[in-house]
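Each chain, letter by letter, is given below.
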Amino acid sequence: ILMATPAIRALRRRFPDAHLTVMVGQSCRAALEGNPHVTESFVIDDRILYGPSRSARAAMALGALRRLRGRRFDCVFVCHRDWRFNLLVRLAGIPERYGFDRNREGIFLTSRFRPSDGYHHIDQYLSVVGLAGVAPDGRQMDFNVGPKADEAADRTFEALGISSGAAV
């Protein structure tokens, strides 16, 4: 998810007033917390998504599909490599769908990028948003410490007897 942050930042720069929602797995949620370019996170339980129970995966996918349909998004940039996300956004009725096309897995997308071997993930994600005319805004990743993490760190330091602002 951190390697997608240059693409997220480029989207924000190109569309400064857009409501930018990022679908992210629970395991990666903290990486986007505090990111000023993200309006909100749409969190899914990735432990279920990749878990062994087909019924739990189907229930989670149907729940995500209902949530996506209810939001009526104008467009989506699928930066995940699993073709099931392409299908999910197609079934959600999102009109403009940008993403990866490997082995014909992009059939559910309206615009596709075919990555080549050796092409860095950051550049691949920038190429996906580039399909919509979004210019790169550098390759550096954004990682902002959110208020919850900052407060947790303060509590940990306090429990260790280290005062706020002390050099460690």
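For the structure, check the block above.
Fair warning: this is a prediction, and the values are worked out from it, not measured in the lab.

Draft legend 1. Fine view of the side chain of D46. Counting through the fold element by element, D46 comes out in helix α3 (residues 46-49). There is no salt bridge for the buried D46, and the closest opposite charge comes from R47, which lies 5.4 Å off by N-O distance. Here the side chain of D46 touches Q26 through a polar contact of 3.5 Å, landing on its backbone nitrogen. Reaching out from D46, the side chain makes a polar contact with the side chain of S27 at a distance of 2.4 Å. Not counting residues up to four positions away in its chain, the partners in contact with D46 are G25, Q26 and S27.

Draft legend 2. Quick look at the sheet that holds strand β5 (residues 111-113). The parallel open sheet is built from three strands, whose spatial order is β3-β4-β5. Of all strands in the sheet, those bounded by a partner on one side alone are β3 (75-78) and β5. This sheet shows a mean twist of 10° between the axes of neighbouring strands, independent of strand direction. Pairing geometry for β3 and strand β4 (residues 96-100), over four bridges, is parallel. By the bridge assignment, F77 is partnered in β4 with Y98.

Draft legend 3. Structural detail: helix α7 (residues 147-159). Between its first and last C-alpha atoms α7 spans 18 Å; for 13 residues at 1.5 Å apiece the expected length is 18 Å, and the two agree. After α7 finishes, the residue G161 shows a positive phi value of roughly 80°.

Draft legend 4. Region of the structure containing the nonpolar core. Formed by 21 residues in total, the largest nonpolar core has its most connected members in I8, L11, L32, F77, V128 and V129. Counting residues per element, the ones that place at least two in this core are α1 (5-14), β1 (21-25), β4 and α6 (121-130). Broken down by element, this core gets its largest block of residues, five residues, from α6. With near-sequence residues (within four places) excluded, V129 lies in contact with A7, L11, F77 and V134.

Criteria and cut-off values
Residues numbered from 1 in each chain as written. Predicted model: local features only at pLDDT ≥ 70, side-chain atom pairs only at ≥ 80, totals over all residues. Heavy atoms only, no water. Helix = DSSP H or I, 4+ residues; strand = E, 2+ residues; numbered from the N terminus. Buried < 20%, exposed > 50% of the residue type's maximum accessible area, 1.4 Å probe, protein only. Lys, Arg positive; Asp, Glu negative; His and termini not counted. Salt bridge = Lys/Arg side-chain N within 4 Å of Asp/Glu carboxyl O. Polar contact = N/O pair within 3.5 Å; in protein donor to acceptor, adjacent residues only side chain to side chain. Contact = heavy atoms within 4.5 Å. Pairing = 2+ DSSP bridges. Axes fitted to C-alpha atoms, helices over the stretch in contact; angles between N-to-C directions. Expected span 1.5 Å × (residues − 1). Core = buried A, V, L, I, M, F, W, Y, C linked by side-chain atoms within 4.5 Å.

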